[in-house]
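# Structural overview
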Amino acid sequence: MIRSFGYNEFLFLLSAVQWTLALSAIAFIGGATVGLFVALGRTSTIKPIRLFSTGYILLFQGTPLLMQLFLVFFGATVMGIDLNPWAAAALGLTLNASAFLGEIWRGCIQAVPRGQWEAASALGLRYPGLMRYVVLPQAVKVAVPPTVGFLVQLIKSTSLASIIGFTELTRAGQIVNNATFQPFLVFGIVAAIYFALCWPLSLLSARLEQRYAAPGR
Amino acid sequence: MNYKFDFDAVAANWDYLLEGAWLTVQLSLGAMIIGLAVAILCALGKTSGPKPVRWVINAYIEVIRNTPFLVQIFLIFFGLPTMGIRLSPDIAALIAMVVNVGAYATEIIRAGIESIQKGQIEAGLALGLRPLQVFRYIVLKPALRTVYPALTSQFILLMLSSSVVSAISADELTSVANNIQSQTFRSFEIYIVVTAIYLCLALMFSALFAGIYRLAFAYDTDRR
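Residues numbered from 1 in each chain as written. Chains lettered and ligands numbered in written order. Predicted model: local features only at pLDDT ≥ 70, side-chain atom pairs only at ≥ 80, totals over all residues.

This brings us to the overall build of chain A. Looking only at helices and strands, chain A features eight helices and zero strands. The helix and strand sequence of chain A, counted from the amino end, reads α-α-α-α-α-α-α-α. Along the first, second and third principal axes, the C-alpha atoms of chain A reach 75 × 50 × 25 Å. Here chain A, with 217 residues, has 41% of them falling under the buried criterion. If you take every contact in chain A between residues at least 6 apart in sequence, the share linking residues at least 24 apart comes to 75%. (Helix = DSSP H or I, 4+ residues; strand = E, 2+ residues; numbered from the N terminus. Buried ≥ 20, exposed ≤ 12 C-beta atoms within 10 Å, placed from the backbone. Contact = placed C-beta atoms within 7 Å.)

Right, let's talk about the overall build of chain B for a bit. Helix and strand content of chain B: nine helices and zero strands. Order of helices (α) and strands (β) in chain B, N terminus to C terminus: α-α-α-α-α-α-α-α-α. A compact globule built from 224 residues would reach a C-alpha radius of gyration of about 17 Å, whereas chain B, at 22 Å, exceeds it by more than 25%. Seen through its C-alpha atoms, chain B measures out along the principal axes to roughly 75 × 45 × 30 Å. (Rg over C-alpha atoms; globule rule 2.2 N^0.38 Å.)

Let's shift gears to the environment of Pro89(B). Residues and elements named next belong to chain B. Relative to the helices and strands, Pro89 is located in helix α5 (residues 89-114). With 18 C-beta atoms counted inside 10 Å, the residue Pro89 sits in the partly exposed group. C-alpha separation for the pair Pro89 and Pro68, spaced 21 residues apart in sequence, amounts to 18 Å.

Here we come to the packing of helix α6 (residues 118-126) of chain B against helix α7 (residues 131-161) of chain B. Residues and elements named next belong to chain B. As a packed pair, α6 and α7 sit with axes 10 Å apart at the nearest point and diverge in direction by 140 degrees. Taken together, the axis directions place α6 and α7 in an arrangement best described as oblique. Crossing handedness for the pair α6 and α7: right-handed. Here Gln120, Ile121, Gly124 and Leu125 of α6 lie close against α7, whose contacting residues are Val134, Ile138 and Val139. A class-by-class count of the residues in the contact of α6 with α7 yields five nonpolar, two polar and no charged. (Axes fitted to C-alpha atoms, helices over the stretch in contact; angles between N-to-C directions. Parallel < 35°, antiparallel > 145°, perpendicular 65-115°, else oblique. Left-handed = near helix turned anticlockwise from the far one by under 90°. Nonpolar A, V, L, I, M, F, W, Y, C, P; charged D, E, K, R; others polar.)

Turning next to the environment of Val10(B). All names here are of chain B. Structurally, the position occupied by Val10 is in helix α1 (residues 8-12). Sequence-wise, Val10 and Ala177 are 167 residues apart; in three dimensions their C-alpha atoms are separated by 9.1 Å. With residues up to four places along the chain from it excluded, the contact list for Val10 reads Glu189, Ile190 and Val193.

Counting residues at the interface gives 31 residues for chain B and 30 residues for chain A. Mapped by element, the contributors of at least two residues to the side of chain B that touches chain A are α3 (51-65), α4 (69-82), α7 and α9 (187-217) of chain B.

This paragraph deals with the nonpolar core. Counting residues in hydrophobic clusters, the biggest one holds 106 residues, and the most contacted among them are Leu69(A), Ile73(B) and Ala93(B). Per element, the largest residue contribution to this core is 13 residues, and it comes from helix α4 (residues 85-110) of chain A. Among all residues touching Ile73(B), those that are not within four sequence positions of it are Ala93(B), Ala96(B), Val164(B), Val165(B), Ala167(B) and Ile168(B). (Core = buried A, V, L, I, M, F, W, Y, C linked by C-beta atoms within 7 Å.)

All right, on to the packing of α3(B) against α5(B) then. All names here are of chain B. Between α3 and α5, whose axes approach to 9 Å, the crossing angle comes to 115 degrees. Considering the relative orientation of α3 and α5, their crossing is left-handed. For the pair α3 and α5, the contacting residues are Tyr60, Ile61, Ile64 and Arg65 in the first and Val99, Asn100, Ala103, Tyr104, Thr106 and Glu107 in the second. Classifying every residue of the contact of α3 with α5 gives six nonpolar, two polar and two charged.

The terminal C-alpha atoms of α9(B), which comprises 31 residues, lie 44 Å apart, in line with the 45 Å expected from a rise of 1.5 Å per residue. Taken together, the buried positions of α9(B) are occupied by Ser187(B), Phe188(B), Glu189(B), Ile190(B), Tyr191(B), Val194(B), Thr195(B), Tyr198(B), Leu201(B) and Ala202(B). (Expected span 1.5 Å × (residues − 1).)

Residues and elements named next belong to chain B. Per-chain confidence: chain B averages 91 in pLDDT, with 97% of residues scoring 70 or above. Mean pLDDT across the elements of chain B ranges from a minimum in α1, with 85, to a maximum in α3, with 96. Here the prediction assigns the complex a pTM of 0.91, and the interface score ipTM is 0.92. (pLDDT = per-residue confidence, 0-100.)

Another aspect to go through is unusual backbone geometry. All names here are of chain B. You will see that Ser169, though not glycine, has its phi angle at about 55 degrees, which is positive. Positive phi, normally seen in glycine, also occurs at Phe185, with a value near 60 degrees. Residue placement: Phe185 occurs in the loop between α8 (173-184) and α9. Accessibility expressed as a C-beta count within 10 Å gives 11 for Phe185, which makes it exposed.

So, about the environment of Ala150(B). Residues and elements named next belong to chain B. Along the chain, Ala150 falls in helix α7. With 16 C-beta atoms counted inside 10 Å, the residue Ala150 sits in the partly exposed group. Each C-alpha atom of the pair Ala150 and Ile40 lies 15 Å from the other, and the pair is 110 residues apart in sequence.

Here it is as structure tokens:
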């Protein structure tokens, strides 16, 4: 018995959006926290720390996100931890986001003119104060547009959590499609919902970029 | 931790994995080449086409860039057959990759076209070169030089994201890994080896592209 796509199916899709958003939010907050340290490590003057951060970024940017999710999911079992798809997806996406944000923010930290660092240390500021009061506040300004842009990439990435069995928007689309067999309609609506989430962020990112790229910054 | 690692399943299926890796490379190269052709057409349409054409191309780019690749694959693989177009998973994967990379590459190519200063073209024409010669001797190389780094990193992104087409069981590397996994249950060992293969592919291609860049574009372009 094939069901047809109706109001209930649409509501089911809409309610799955909360899981896409929750997963994106967790991965963003976790990724930003770890990513800050990755960026600081990547710009560190201590060579082993710099090498380690570089390797970390290379590893996550040089392998498919899907493989990273699989490794977290199956790796936890190997270590004897029973991780459900939700936790595995959140952990995998957090690690992935931390590498990408780390690399984006590295560029922003390095965009702060060298003279600022030298002036701050000439004034007697040590590394924590130098970063906290001089470099990071200036780097944040440059970092906002690409970070918003990355958020779009992150929301789209959460769709891969469906492959390891977490029911977010894309998985909900598959479930509805299996019941109704109206793939164009179902995945069209799923795509439209993603678009409604991502497009405003893309526009915002582009506008912020224009504003901050204005002369006389 | 008392798990015993056992890589026999990987060793026994080594040929099969290599075949999958080869198909991943073929799919990615094929999608990149066709996608570039799409992108060049779209970039030309976007910079010098009539308004409706520009509008359609913009809509194409925005829709592709703001929806997940996985959903695009599902739309093509499950959606097209309902319109009577039957596709094998490999062809559906190729089409999805072309459509996807075409949108991203259009923006890159457009930036390349716009990076050429009008004055250079005018100077070439003033020196008596015909338009094709201007294109060949003045526009082409600097434009390629501008887009090359972005296009090559786009290719590597494409190759890595091609693992997602395993969701419709195309025969590429990740699907091969899934198949071996479901027969041997050695999931962790298989996926860690496959991840290493992807990393090797990515590093090999970026080294290759860097080498080509040094051979083809190593000249001084300081505009002073």
